[in-house]
Amino acid sequence: MILDGKVPSGHITEKWDKHRFEMKLVSPANKRKYKILVVGTGLAGASAAASLAELGYQVEVFTYHDSPRRAHSIAAQGGINAAKNYPNDGDSIWRLFYDTVKGGDFRSREANVYRLAQVSNNIIDQCVAQGVPFAREYSGYLANRSFGGAQLSRTFYARGQTGQQLLLGAYSALMRQVGLKKIILHTRTEMLDLVVIDGVARGIVTRNLLNGKIESFVGDAVVLATGGYSNVFFLSTNAQACNVTATYRAYKRGAFFANPCFTQIHPTCIPQSGEHQSKLTLMSESLRNDGRVWVPKNPGDKRKPTDIPEDERDYYLERMYPSYGNLAPRDIASRAAKRVCDEGRGVGPTGNAVYLDFSDAIKRLGKKVIEERYGNLFEMYERITGDNPYETPMMIYPAPHYTMGGLWVDYNLMSNLPGLHVIGEANFSDHGANRLGASALMQGLADGYFILPYTIGHYFATTKLEKVTTDHPEFKKCEEEVKERIKKLMSINGKKTPTQFHRELGKIMWDNVGMARTEESLKKALELVPKLREEFWSNLTMVGEEGDLNIVLEKALRVADFLEFAELMIWDALERDESCGGHFREEHQYPDGEAKRDDERFCHVAAWEYTGVGNKPIRHIEPLTFEYVPLTVRSYK
Amino acid sequence: MKLTLHIWRQKNSSEKGHFETYQLDNVIEDMSFLEMLDVLNEKLVLEGKEPIAFDHDCREGICGACSLTINGIPHGPEKATTTCQLHMRKFKDGDEIWIEPFRAKAFPVIKDLIVDRSAFDRIIQAGGFISVNTGQAPEANSILVPKQNAEKAMDAAQCIGCGACVAACPNGSAMLFVSAKVAHFAYLPQGQPERKLRVLKMVEQMQKEGFGNCSNMYECEAACPKEISVRNIALMFRDYLKASCSEEKLELVENE
Ligand SMILES: Cc1cc2nc3c(=O)[nH]c(=O)nc-3n(C[C@H](O)[C@H](O)[C@H](O)COP(=O)(O)OP(=O)(O)OC[C@H]3O[C@@H](n4cnc5c(N)ncnc54)[C@H](O)[C@@H]3O)c2cc1C
Ligand code: SF4
Ligand code: FES
């Protein structure tokens, strides 16, 4: 099937305005007749829920956390982009659009990206009005800094805690509506299935994490804002609970999953220290503004970094990408790190690390300035590793961080299932095959504050919805299936824990579907994953009860879905027989090791349709056309 | 290293809890405290026993989910560090460690080391916001904020809502948490229109939730992983006094 992204006609600069005018409206009095279920309270979910409630819709919100403020968005460090051009360095909506399309290696939908750049400025206005304490100049004006993949300063930030401050802003707007009784909030409640009636998304089935109760909720639309799936790799920079269940379950009910193989490996994370490791910690990319990345010139050089003289160091990013230097985009910087480590020039106990060195910056700017800029990050690094980065260079290595893939949505952020809207990291997004730094926060808030609140109204105004309740047989059936699944997990009586399975899955995925992929490694993974899944369903151990707070069961449910989802990811990586952005197929590279796209065959979105566990899903495509940013080889030299 | 762990086990909020003792060998220095508990939990599950339930998520010291009282100190002995950022190199071979939930009247235990901190959400819900709808905002640079004020606001806004301040306070007071939010907005021009109403409503909700009063022990500040200053409490007291004899207070009373 050829999918239609429903992009409005007209010049790209006018599409969104024109579309907003052409969309049908729901009158203020009628809005309160519609109920919207929002799953997720990260930047996307919280901003959408608050904005929809402000408009007068009935909203119910769900999160598995104890409080909406704990969503993974809280951990974003570096900043948020906008095309304000406050520094007067030549930025514009057009340039942000251009950078994002190019940064995504020409695998995103132009019209969406342009709209994202357009509303980026409104986001900053909104956040400032909410009281987000962005960094300021002495004059009182907002301050900016630069980020990977951009040659200018368009990033707004709140120390190293931008995500926290933006989320607290959206959370406060959300809680205000909860207080006004416009939103019903369900915490410690996990969505385990989507209910589709006559092809239309009408509700969800959830598990109360405190007492195990399975419940149904009905609505006129469902919004998934459930984040990304980097934890399919087990070790990633994501929070422990991040999982794919919500979007994967929607996929199993007929929603298409787009570009699942587009995952981002972040270049600056603290390397793994041992088998006990539960997560990898990101060191904000902003560090690359002042830190210089290097490895020894000679393989196997075991001297202390401070003993290695200047002319025996290879500042490889500056050497290979002179115009962007240490600020080369993430996929490029990550692969370069892997390459030098594969050459035997990696450092640290495992040889899987490179240096990020601040000694020049400290000499140039003084320790105080560096402390002001990165103090909290340096402290965090020292707490985790026991090393002091003011004295010895940091050691970093790439780690899974963000997922560009997600449920397929049209220009209105609606999936192919009418009524199912998907926002934030959970959708297949505007970032193509690689996301630029500080653009996820922008996209989550754009979707939630400024896009979905308009487009969802159009859906209601143009759709005749049957009246249904949770007594509908489809709800009952769905509930039964969820209960069955839980019963089955409780009764396997095997010998391995969900965490052991997750760790094994992560290793298969990292080794074969990670930073570099080949036909051979993917085919191997395609054999290993189903085997592991089979073992899971026959050899899982379980403790506790289903009708109680049960952390082992929670984990098992999530791992079960990862084990199926992983296969989908592999299929996508295998069929996309090209390299682009974060998807690097070793067979397709230029002599200098850069990713080689195949626009003839793959200038499209791949959107997958479920056909049963273990079966090859059906691959649909949405062709991509580039009218405004001409297709070129991405160069950061 | 080898450790002896005394860990609080409690089936649910209605049953009584007790300490149970576990021996753990092969603890590695580079492990975080929660990774050490992961190892113990994996062991328990493999023995067919229920693992120890504890709240956690980001493991980067920012989400505010982790919440253990370690050797009597909320978030453990390390200054300005959440439990998830505490590493085992701060302990030594043979140590005995006592692990309990955050204890406070307003934070009932749910299971083992998990407590219910939803009272914090209800305090925010009562007034911890600026009432601006999406779309109403003016151009961002039309609101100037002196750098010093922005920094002070940020210092207060860093609160992660963990509740260690409450657990550390002999009175179970939530003053540090509430005052951090009050101060965050009080330092900003955007926060001024609702300044009085905000403090009145948040303090009222705080009292309803059963948090205790402040008697200047400063235990909260000492336990706070984000080093939120008790000076915020002083600011909140001043604001509360001013607000108590204002038009806003009259209106609140009349509306009741
Ligand atoms: C360490 C780190 C640093 C980052 N730094 C930056 C940065 O500087 N700039 C930038 O632009 N981006 C950054 N990112 C990326 C960015 O933070 C995320 O992409 C973004 O915050 C995702 O927001 P979201 O609202 O889509 O999802 P999330 O914030 O992940 O929220 C997901 C929500 O869904 C809920 N949920 C999920 N599944 C279910 C279910 N089944 N049932 C009920 N609830 C469910 C969760 O409880 C949560 O509330 C960073 C990411 C990481 C990991
Ligand atoms: S004030 Fe400190 S201790 Fe209290 S909730 Fe906030 S961060 Fe935690
Ligand atoms: S787990 Fe998030 S602060 Fe500790």
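For every chain, the first residue of the written sequence is number 1, and numbering continues from 1 along that sequence. Going through the entries in the order they are written, you letter the chains from A and number the ligands from 1. Totals for whole chains, interfaces and linings use every residue, but because this is a predicted model, local features are given only for residues with pLDDT of at least 70 and side-chain atom pairs only at 80 or more, for both listing and counting. Heavy atoms from the whole structure form the basis of all side-chain values; hydrogens and water molecules are not counted.

Details of the packing of helix α4 (residues 93-103) of chain A against helix α5 (residues 110-130) of chain A
Residue and element names in this part refer to chain A.
Then step 1. Fitted lines through C-alpha atoms give the axes, limited to the stretch in contact for helices. The angle between two N-to-C directions lies from 0 to 180 degrees. Secondary structure elements are taken from DSSP: a helix is a run of H or I of four residues or more, a strand is a run of E of two residues or more, and numbering for both begins at the N terminus. Running from amino to carboxyl end, α4 crosses α5 at an angle of 135°, the nearest separation of the two axes being 8 Å. Between α4 and α5, the angle is such that the two are oblique. The handedness of the crossing between α4 and α5 comes out as right-handed. Side by side, α4 and α5 meet where I93, W94, L96, F97, T100 and V101 of the first sit next to E110, V113, Y114, A117, Q118 and S120 of the second.
Then step 2. Throughout this entry, Asp, Glu, Lys and Arg are counted as charged residues, while Ala, Val, Leu, Ile, Met, Phe, Trp, Tyr, Cys and Pro are counted as nonpolar. The remaining residues, Gly among them, count as polar. Along the lines of polarity and charge, the residues of the contact of α4 with α5 split into eight nonpolar, three polar and one charged. Note that the term roughly parallel is reserved for angles under 35 degrees, roughly antiparallel for angles over 145, roughly perpendicular for angles of 65 to 115, and oblique for everything else. Helix crossings get a hand from a simple test, with the near helix turned counterclockwise from the far one by less than a right angle marking a left-handed crossing and a clockwise turn marking a right-handed one. Whether two residues are in contact is decided by their heavy atoms, any of which lying within 4.5 Å being enough.

A closer look at the interface of chain B and chain A
Then step 1. Listed as interface residues are 74 residues of chain B and, on the opposing side, 74 residues of chain A.
Then step 2. In total, chain B and chain A occlude about 6,200 Å² of area from one another, counting both sides; carbon and sulfur atoms represent 52% of this.
Then step 3. Here's the idea: put two parts together, see how much 1.4 Å probe accessible area each one loses, and the total over both is what we call buried area. The largest share of the area that chain B buries against chain A comes from D57, E60 and T134 of chain B, three residues that together contribute 11% of it.
Then step 4. The rule for a salt bridge is simple: a side-chain nitrogen of Lys or Arg has to be within 4 Å of a carboxyl oxygen of Asp or Glu. Where chain B packs against chain A, one counts eight salt bridges.
Then step 5. Two N or O atoms count as a polar contact when they lie within 3.5 Å, although within protein this holds only if one can serve as hydrogen donor and the other as acceptor, and sequence-adjacent residues are included solely when both atoms are side-chain atoms. One can count 43 residue pairs in polar contact (both at pLDDT 80 or more) joining chain B with chain A.
Then step 6. Taken together, the elements giving at least two residues each to the side of chain B that touches chain A come down to α1 (33-46), β6 (109-111), β7 (114-115), α2 (118-127), α3 (147-157) and α5 (175-186) of chain B.
Then step 7. No other element matches the seven residues that α3 of chain B contributes to the side of chain B that touches chain A.
Then step 8. In the side of chain B that touches chain A, the residues fall into 36 nonpolar, 19 polar and 19 charged.

Concerning the site of ligand 1
Residues and elements named next belong to chain A.
Then step 1. Whether a residue is near a molecule or strand is decided by its heavy atoms; if any one of them lies within 4 Å of it, the residue is near. Near ligand 1 there are 37 residues, and of these S73, G78, M191, E425 and L441 occur at the shortest range.
Then step 2. Residue T41 places a main-chain N or O atom 2.9 Å away from an oxygen atom belonging to ligand 1.
Then step 3. Protein contacts shield 99% of the accessible area of ligand 1, which totals 1,000 Å² for the unbound molecule.
Then step 4. If you tally residues by element for the shell around ligand 1, the top one is strand β7 (residues 189-197), at three residues.
Then step 5. Tallied by class, residues from the shell around ligand 1 come to 16 nonpolar, 18 polar and three charged. The accessible surface values rely on the Shrake-Rupley method and a 1.4 Å probe; as for residues, cover is taken only from the protein chains in view.

What about the pairing of strand β2 (residues 58-62) of chain A?
All names here are of chain A.
Then step 1. The element β2 is extensively covered by neighbouring structure, given that four of its five residues are classed as buried.
Then step 2. Handedness of the strand β1 (residues 35-39)-helix α3 (residues 43-55)-β2 crossover: right-handed.
Then step 3. Across four bridges, β2 lies against strand β6 (residues 183-186) in parallel orientation. Counted as the bridge partner of V59 is I183 from β6. Think of it in three bands: with a 1.4 Å probe and only protein chains considered, a residue is buried below 20% of the maximum accessible area for its type, exposed above 50%, and partly exposed in between. For a crossover, the right-handed case is the one in which the path from the first strand over the helix to the second runs clockwise, viewed with the strands pointing away from the viewer. DSSP calls a pair of strands paired once it identifies at least 2 bridges connecting them.

Section: helix α8 (residues 231-244) of chain B
Residues and elements named next belong to chain B.
Then step 1. For α8, which comprises 14 residues, the first-to-last C-alpha distance of 20 Å matches the rise-based estimate of 20 Å (1.5 Å per residue) to within 8%.
Then step 2. Of all the positions in α8, only N232, I233, L235, M236, D239 and A243 are classed as buried. Across the axial projection of α8, the buried residues extend over an arc of 155°, all falling on one side. For α8, exposure combined with an orientation more than 90 degrees from the buried face picks out R231, L241 and K242.
Then step 3. Close packing links the buried residues of α8 with α3, α5, α6 (195-208), α7 (219-223) and α9 (247-255). Take the number of residues in a helix, subtract one, and multiply by 1.5 Å to get its expected span. Think of it as the arc spanned by the lines of direction from the helix axis to the C-beta atoms.

Some details on the packing of aromatic side chains
All names here are of chain A.
Then step 1. Pairing of aromatic rings covers Phe, Tyr and the six-membered ring of Trp, with a centre-to-centre limit of 6.5 Å; geometry is then stacked below 30 degrees between planes, edge-to-face above 60, and tilted otherwise. Inspection of the entire model under this criterion finds 37 aromatic pairs over all chains.
Then step 2. Pairing Y248 with F565 gives two aromatic rings, centres 6.2 Å apart and planes at 80°, and the pair type is edge-to-face. On the criterion of sequence distance, the pair formed by Y248 in helix α7 (residues 245-252) and F565 in helix α16 (residues 551-575) is long-range, its members being 317 residues apart. By the burial criterion, Y248 is buried, and F565 matches it.
Then step 3. With a centroid separation of 5.9 Å and 50° between ring planes, the pair formed by F358 and Y374 is classed as tilted. Of the two residues, F358 sits in the loop between β15 (354-357) and α10 (359-365) while Y374 sits in helix α11 (residues 367-385), which places them 16 residues apart along the sequence. Across this residue pair, the class does not change: F358 and Y374 are buried.
Then step 4. Within the aromatic cluster, the residues linked to one another by ring pairs are Y229, Y248, Y251, F257, F565 and Y610.
Then step 5. A positively charged side chain is recorded as over a ring if its NZ (Lys) or CZ (Arg) lies within 6 Å of the ring centre. The angle to the ring normal must also be within 35 degrees. Across from the ring centre of Y157, 3.8 Å away, lies the NZ or CZ of R145, which sits over that ring.

Re the layout of surface pockets
Then step 1. Cavities and pockets were defined on a 1 Å grid built from protein atoms only: a cavity is a group of points that admits a 1.4 Å probe but offers it no way out, a pocket is an open group of points flanked by protein on both sides within 12 Å along at least five of seven lines, and a lining residue is one with an atom within 4 Å of any such point. Grid points are joined across faces, edges and corners, and a volume is the space filled by probe spheres set on the points. The volume enclosed by the second largest pocket comes to roughly 1,100 Å³.
Then step 2. Among the elements of the structure, α14 (498-513) and α16 of chain A together with α1 of chain B are those that each provide at least two residues to the lining of the second largest pocket.
Then step 3. Considering every element that reaches the lining of the second largest pocket, the biggest residue donor is α16 of chain A, with seven residues.
Then step 4. Of the residues belonging to the lining of the second largest pocket, the class tally is 21 nonpolar, 15 polar and 14 charged.

A look at the sheet that holds strand β17 (residues 406-407) of chain A
Residue and element names in this part refer to chain A.
Then step 1. Overall, antiparallel pairing links the four strands, which are arranged β17-β11-β19-β20 in an open sheet. Both outer strands of the open sheet, β17 and β20 (618-623), are each paired with one neighbouring strand and no more.
Then step 2. Here strand β11 (residues 257-258) runs beside β17; their pairing, made up of two bridges, is antiparallel. Residue pairing across strands places A258 opposite G406, the latter belonging to β17.
Then step 3. Strand contacts of α16: β11, β19 (604-609) and β20, with the helix running at about 145° to β19, the strand carrying the most contacts.

Structural notes on a negative patch on the surface
All names here are of chain A.
Then step 1. On the surface, E371, E379, E382 and E391 cluster together into a patch of negative charge.
Then step 2. Following the sequence through the fold, E391 ends up in the loop between α11 and β16 (394-403).
Then step 3. The exposure class assigned to E391 is exposed, which follows from its relative accessible area of 61%. Any residue with relative accessible area above 30% and no salt bridge may belong to a patch, with like charges joined within 9 Å and the nonpolar Val, Leu, Ile, Met, Phe, Trp and Tyr side chains within 5 Å. Charged residues are defined narrowly, with Lys and Arg counted positive, Asp and Glu counted negative, and His plus the chain ends left uncounted. Just so you know, the charge point we use is NZ for Lys, CZ for Arg, CG for Asp and CD for Glu.

Here we look at the domain arrangement of chain B
Residues and elements named next belong to chain B.
Then step 1. Split by domain assignment, chain B resolves into domain 1 (3-111) and domain 2 (118-255).
Then step 2. Each domain span listed reflects an automatic or database assignment of domains. Of note, the centres of domain 1 and domain 2, computed from C-alpha atoms alone, are 30 Å apart.
Then step 3. Counting residues at the interface gives 17 residues for domain 1, matched by 18 residues for domain 2.
Then step 4. Roughly 1,300 Å² of surface becomes buried between domain 1 and domain 2 when both sides are summed, with 65% attributable to carbon and sulfur atoms.
Then step 5. Among the salt bridges present, the one from E227 reaches K79, with a minimum N-O distance of 2.7 Å.

Focus on the environment of M380 of chain A
Then step 1. Along the chain, M380 of chain A turns up in helix α11.
Then step 2. Put simply, M380 of chain A and M283 of chain A are 97 residues apart on the chain and 8.7 Å apart in space, counted from C-alpha to C-alpha.
Then step 3. Not counting residues within four places of it along the chain, the set of residues in contact with M380 of chain A comprises Q77, T281, L282 and M283 of chain A together with E60 and Q85 of chain B.

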